[in-house]
Amino acid sequence: MADDLHARYMRATDTWRAHRTGCTTCQHGTPCEAGAPLAQRFERLQDAHLTRRRT
């Protein structure tokens, strides 16, 4: 399960970074309509990953 979480976290990171690289709205700190769910997924998975690492 932990490996799956890490893999999903890494995919979300890559997806969010790729979107942000090409989106000037997201580059300025406020995610666009398409970028908001990507940013939220990245944040949720990052939190879950970091929480799991602490336990």
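Relevant structure appears above.
Just so it is clear, the model here is predicted, and its values are computed rather than measured.

**Q** Can you walk me through the overall build of the protein chain in this structure?
**A** Scanning the protein chain for helices and strands turns up three helices and zero strands. Ordered by position from N to C terminus, the α and β elements of the protein chain give α-α-α. Per-residue burial for the protein chain yields a buried fraction of 24% across its 55 residues. If you sum the accessible surface of the protein chain, you get close to 4100 Å²; carbon and sulfur atoms cover 50% of it.

**Q** Can you help me understand the nonpolar core in this one?
**A** As a rule of thumb, soluble globular proteins bury nonpolar side chains together. Grouped together as the largest cluster of nonpolar side chains are 10 residues: Leu5, Tyr9, Ala12, Trp16, Cys23, Cys26, Cys32, Ala39, Phe42 and Leu45. The set of elements that each furnish at least two residues to this core consists of α1 (2-22) and α3 (35-54). Ranked by the residues each element gives to this core, the list is headed by α1, at four residues.

**Q** Can you help me understand the environment of Leu50 in this one?
**A** By secondary structure assignment, the location of Leu50 is in helix α3. The class for Leu50 is partly exposed, based on a relative accessible area of 30%. Taking the C-alpha atoms as reference points, Leu50 and Cys26, 24 residues apart in sequence, are found 24 Å from one another.

**Q** What should I look at first to understand the environment of Gln40 in this one?
**A** By the element assignment, Gln40 lies in helix α3. Measuring from C-alpha to C-alpha, the distance between Gln40 and Ala12 comes to 9.4 Å, with 28 residues separating the pair along the chain.

What counts as what
Residues numbered from 1 in each chain as written. Predicted model: local features only at pLDDT ≥ 70, side-chain atom pairs only at ≥ 80, totals over all residues. Heavy atoms only, no water. Helix = DSSP H or I, 4+ residues; strand = E, 2+ residues; numbered from the N terminus. Buried < 20%, exposed > 50% of the residue type's maximum accessible area, 1.4 Å probe, protein only. Areas by Shrake-Rupley, 256 points an atom, 1.4 Å probe, with all protein chains shown as cover. Core = buried A, V, L, I, M, F, W, Y, C linked by side-chain atoms within 4.5 Å.

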